[in-house]
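# Structural characterization, general
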2 protein chains.
Amino acid sequence: MAKQISELKLGILGGGQLGRMLIQEAINYNLTTLVLDPDADAPCKHIANYFENGSITDYDTVYNFGKKADIITIEIEKVNVEALEQLEKEGKKVFPQSRVIRLIQDKGIQKQFFKENDIPTAPFMLVNSKDDLTNGKFPFPYILKLRKDGYDGKGVMKINDASDVENAFQAPTLIEELVHFEKEIAVIVARNANGDVKTFPMVEMEFNPEANLVEFLISPSTYPESIQERAEKIAKDIAAALNITGILAVEMFITKHGDILVNELAPRPHNSGHQTIEGNYVSQFGQHLRAIFNLPLGDTRSISNAIMVNVLGEKGHDGVAKYDGLEKILSIDGVYVHLYGKKYTKPFRKMGHLTIIDQNREKAIEKARFVQQTLKVIS
Amino acid sequence: MAKQISELKLGILGGGQLGRMLIQEAINYNLTTLVLDPDADAPCKHIANYFENGSITDYDTVYNFGKKADIITIEIEKVNVEALEQLEKEGKKVFPQSRVIRLIQDKGIQKQFFKENDIPTAPFMLVNSKDDLTNGKFPFPYILKLRKDGYDGKGVMKINDASDVENAFQAPTLIEELVHFEKEIAVIVARNANGDVKTFPMVEMEFNPEANLVEFLISPSTYPESIQERAEKIAKDIAAALNITGILAVEMFITKHGDILVNELAPRPHNSGHQTIEGNYVSQFGQHLRAIFNLPLGDTRSISNAIMVNVLGEKGHDGVAKYDGLEKILSIDGVYVHLYGKKYTKPFRKMGHLTIIDQNREKAIEKARFVQQTLKVIS
């Protein structure tokens, strides 16, 4: 008999909230979990079987950590890929595969991958010299993105005219046409090593314009079925083209003309899937474990309308976190609290999330607005 | 502002599967968890913030452990109550309260409590001398129970006639009239310090006659509403009479005449509530935390039909546990696996449980029978 999931050691690069929720699920399978994180007080610290404080971008640290595990996964893309390549060569399972992480780490390569595979995405151009920013191939205004290390809105700027070019990033970038979108949506797709593929229902996102973080997510979407099916097909096409093992979050725009354009990929559990813990028969975390351990994929259907609200650090508060209004929101039926175990808050830091479940969609939204205004992370 | 749940330390006496599932839920509230268990490899070992290997029945060990926590709870009744009384005197919160644990530890006192509070229960008699076993006050056959330390069917024997009396327990016992019951049922009730009380829907249990363990549990019950309401009222009456803070599992019999008789109490999360994790809006673990931290109680309604199947060690297998058939059962929609992190299996040891969710009750039962026959814990 091959080694079973309960006998295997799962190494996780990154010990933040995504790793934390993955471990909460992994406990159900007796999985032994090993976590590497540069923060000595990372959210996973106390719930992993083994926690190592170290850099996830340093070759030796990642390599030596990976040697201790049977299967290695990530909760953030910014990891040392060379170490993962070496571990793969030595027979370790790395899911998502190192080549997928490498591709997704560089938004330039990601965009070229979309183009080569007929995945709809906004027109773009890799920036090779400063001249590219002003030579008129892309008329102002446009979006300028760092090719690497951008996340949660960091590494993205709007270039309105030539005067903005002075402040442009000093690292490799790409230009993207400004998309006039109606809605940001996401589909999470899972693929196991057998090649089985399943998508979660499409969800709609609302962003906090100031923090540029997902603040409000509605599942499932109420867009026409034809649009949902198109979005889900795009996600499946990408998973197939990448030949990925694991889950993949596909963030997309729906334009005012009803077109769907792929924005970005994340080859791991993602903020746009947190509501699956209570809102769907299988959660994104459970599905990721099933995918990387090559188990049958779970039932992705929605149980109920589910709204996810990020709990962000209040403006003007910096220090040991306190949660004001917790009792009030827990008095409402169908409100689920997920705090991430971060000791310190700062403005807009992701400190947790709330999921609101209600069979009535309007009621769910109403409750979500209330809890969002009621729970405050202060210091 | 009073100390918040995320700033408090929860001490748990016992680090088995009940503590483990309580911690899985506690993670969502940033709770700091401390666990004391006599088994150095207890299921909670790796997921508690602090794990102490020590006796939960030794005064000094429990007292010194309790000093480190803000709130102390239990996952098993057999703990040192004197230490908990002392901790209460010194201002620690102990939920359930030490007096409740003391009462429930002794089935004789438990039965007298039922009698004094007009709680329906089978006729009984405390055994004061060996003569009581044969003096005919209770005609054969009857049930003989150890007053203390019985659990999972241990400490209970049927006395058919005078010849069985020779083998009777050599410790304080009580005699109970043999109940000809139609069904064993349970209601879990929660009560917080504010005095708010909520019950989970009544569930039906099926026992493994050989192991005398709950093997199969169906939620919610399909008994007439009048019977369910009566059972839930009995549970609430007991919670009120006990003035308990926390959750309380009330195991009952429904007799062939439709009477309800209370069998036993467990003042903690209980095997008859495991299906609430997926089957109800709030789980018994979430509800226990809400109760002991005096938060509003959660919504106990069922989301779906839910069947709970205990995963017991296979007969003839003793050693490091392997789970045969896991892949097969995960290919069925609505099957949830909870393994308890126990390294070694032995016949009938509780190694985990499965929950099966299906909107169609008959289908749920059919799936449950299949998964029960398919997943085997072998060595």
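Note that the structure is a prediction, hence the values are computed from the model and not measured.

What counts, and at which threshold
Residues numbered from 1 in each chain as written. Chains lettered and ligands numbered in written order. Predicted model: local features only at pLDDT ≥ 70, side-chain atom pairs only at ≥ 80, totals over all residues. Heavy atoms only, no water. Helix = DSSP H or I, 4+ residues; strand = E, 2+ residues; numbered from the N terminus. Rg over C-alpha atoms; globule rule 2.2 N^0.38 Å. Buried < 20%, exposed > 50% of the residue type's maximum accessible area, 1.4 Å probe, protein only. Contact = heavy atoms within 4.5 Å. Areas by Shrake-Rupley, 256 points an atom, 1.4 Å probe, with all protein chains shown as cover. Lys, Arg positive; Asp, Glu negative; His and termini not counted. Charge placed at Lys NZ, Arg CZ, Asp CG, Glu CD. Pairing = 2+ DSSP bridges. Axes fitted to C-alpha atoms, helices over the stretch in contact; angles between N-to-C directions. Core = buried A, V, L, I, M, F, W, Y, C linked by side-chain atoms within 4.5 Å. Buried area = accessible area lost by both parts, 1.4 Å probe. Salt bridge = Lys/Arg side-chain N within 4 Å of Asp/Glu carboxyl O. Polar contact = N/O pair within 3.5 Å; in protein donor to acceptor, adjacent residues only side chain to side chain. Nonpolar A, V, L, I, M, F, W, Y, C, P; charged D, E, K, R; others polar. Domains from an automatic or database assignment. Least-squares fit on C-alpha atoms with pLDDT ≥ 70 in both. Phe/Tyr/Trp six-rings, centres within 6.5 Å; stacked < 30°, edge-to-face > 60°.

So, on to the overall build of chain A. Of the regular secondary structure elements, chain A holds 11 helices and 22 strands. Against the compact-globule benchmark of 21 Å for 379 residues, chain A has a radius of gyration of 20 Å, which places it among compact chains. Principal-axis analysis of the C-alpha atoms gives chain A an extent of 60 × 55 × 45 Å. Counting over 379 residues, chain A shows a buried share of 62%. In chain A, 61% of the contacts between residues at least 6 apart in sequence involve partners at least 24 apart. As displayed, chain A has an accessible area near 14,900 Å², and 47% of this comes from carbon and sulfur atoms. Taking the 45 positively charged and 51 negatively charged side chains of chain A as two groups, their mean positions are separated by 3 Å.

This part covers the environment of Gln284(B). All names here are of chain B. For Gln284, the location among the structural elements is in helix H9 (residues 284-292). Remark: the alpha-carbon pair of Gln284 and Leu10, spanning 274 residues in sequence, is separated by 17 Å. Excluding residues that lie within four positions of it along the chain, Gln284 makes contacts with Ile188, Phe200, Ile247, Pro269, His270, Gly273, His274 and Thr276.

Strands belonging to one sheet form pairs held by backbone hydrogen bonds; the direction of such a pair is parallel or antiparallel. All names here are of chain A. Spatial strand order, S6-S9-S7-S8: 4 strands in an open sheet with antiparallel pairing. Looking at which strands have only one partner, the edges of the open sheet turn out to be strand S6 (124-126) and strand S8 (156-159). Each neighbouring strand pair of the sheet contributes to a mean axis angle of 25 degrees, computed without reference to strand direction. Strand direction decides the pairing type here: strand S7 (residues 142-146) and strand S9 (residues 173-177), joined by 5 bridges, are antiparallel. Residue pairing for S9: Lys145 is matched across the bridge by Leu174.

Looking at soluble globular proteins, one finds that nonpolar side chains tend to be buried together. Within the largest apolar cluster, 98 residues are counted, with the highest numbers of intra-cluster contacts made by Phe293(A) and Phe293(B). Discounting residues that sit within four places of it in the chain, Phe293(B) has contacts with Ile5(B), Leu8(B), Leu10(B), Leu31(B) and Ile71(B).

A few words on the interface of chain B and chain A. At the junction of the two partners, chain B supplies 43 residues and chain A supplies 43 residues. Across the interface of chain B and chain A, roughly 3,800 Å² is buried in total on both sides, 50% from carbon and sulfur atoms. Summed over the shared surface of chain B and chain A, the result is 2 salt bridges. One can count 23 residue pairs in polar contact (both at pLDDT 80 or more) joining chain B with chain A. Residue assignment for the side of chain B that touches chain A shows that the elements contributing at least two residues are helix H1 (17-26), strand S18 (322-324), helix H10 (326-330) and strand S19 (335-339) of chain B. Take the side of chain B that touches chain A: its biggest share by element is 5 residues, from S19(B). Here the residues of the side of chain B that touches chain A sort into 21 nonpolar, 12 polar and 10 charged.

Residues and elements named next belong to chain B. Of note, Glu204 is situated in strand S12 (residues 203-208). Among buried charged residues, Glu204 stands out as having no salt bridge; its nearest opposite-charge side chain is Lys183, 4.0 Å away. Of the polar contacts made by the side chain of Glu204, one reaches the backbone nitrogen of Thr222; its length is 3.1 Å.

With that settled, consider the domain arrangement of chain A. Residue and element names in this part refer to chain A. Domain assignment breaks chain A into domain 1 (5-94), domain 2 (123-177) and domain 3 (181-378). Look at where the C-alpha atoms of domain 1 and domain 3 centre, and you get two points 23 Å apart. Taken together, the contact pairs 19 residues of domain 1 with 22 residues of domain 3. Both faces considered, domain 1 and domain 3 share a buried interface measuring about 1,800 Å² in area, 71% of it formed by carbon and sulfur atoms.

What follows is about the relation of the copies chain B and chain A. When chain B is fitted to chain A, the best match, at an RMSD of 0.0 Å, comes from turning it 180 degrees and sliding it 0.0 Å along the axis. Such a combination of turn and shift is consistent with a two-fold rotation axis. Nearest to the rotation axis, the C-alpha of Ile47(B) is located 2.1 Å from it, this being the minimum over chain B. Of the interface residues in chain B, 100% have counterparts in chain A that sit at the interface too, so the contact is made through matching surfaces.

We now examine the pattern of salt bridges. All names here are of chain A. Applying the stated criterion across every chain yields a total of 34 salt bridges over all chains. Notably, a salt bridge pairs Glu314 with Lys376, separated by 3.9 Å at the nearest N-O pair. With Glu314 in the loop between strand S16 (305-312) and strand S17 (319-320) and Lys376 in strand S22 (residues 376-378), this pair connects stretches of sequence that are 62 residues apart. The exposure class of Glu314 is partly exposed, given its relative accessible area of 27%. By sharing partners, the salt bridges in this structure join Lys107, Lys111, Lys145, Glu176 and Glu264 into a single network.

This part is about helix H5 (residues 107-116) of chain B. Every α-helix winds through 3.6 residues per turn, so residues three or four apart in the chain are directed the same way. Residues and elements named next belong to chain B. Those residues of H5 lying buried are Lys107, Gly108, Gln110, Lys111, Phe113 and Phe114. Each element contacted by the buried residues of H5 is listed here: helix H4 (98-105), strand S6 (124-126), strand S7 (142-146), strand S9 (173-177), helix H7 (225-242) and strand S15 (260-266). With a side-chain oxygen lying 2.7 Å from the backbone nitrogen of Gly108, the N-terminal cap of H5 falls on Asp106. Asp118, located one to two residues past H5, shows a positive phi value of around 55 degrees.

Moving on, we come to the sheet that holds strand S2 (residues 32-37) of chain B. All names here are of chain B. The strand order across the open sheet built from 5 strands is S3-S2-S1-S4-S5, with neighbouring strands paired in parallel fashion. The open sheet has two edge strands with one neighbour each: strand S3 (50-53) and strand S5 (93-94). Looking at chain direction, S2 and S3 are connected through 4 bridges and run parallel. Looking across to S3, one finds that Val35 is bridged to Phe51.

Next up on the list: the packing of aromatic side chains. Inspection of the entire model under this criterion finds 8 aromatic pairs over all chains. With a centroid separation of 6.0 Å and 55 degrees between ring planes, the pair formed by Phe113(A) and Phe114(A) is classed as tilted. On the basis of relative accessible area, Phe113(A) is assigned to the buried category, the value being 7%. According to the relative accessible area criterion, Phe114(A) is buried, its value standing at 1%. Arranged with centres 4.6 Å apart and planes meeting at 25 degrees, the rings of Phe181(B) and Phe253(B) form a pair that is stacked. With Phe181(B) in strand S10 (residues 181-191) and Phe253(B) in strand S14 (residues 246-255), this residue pair connects regions lying 72 residues apart in the sequence. By relative accessible area, Phe181(B) is classed as partly exposed at 33%. We classify Phe253(B) as buried; its relative accessible area is 9%.

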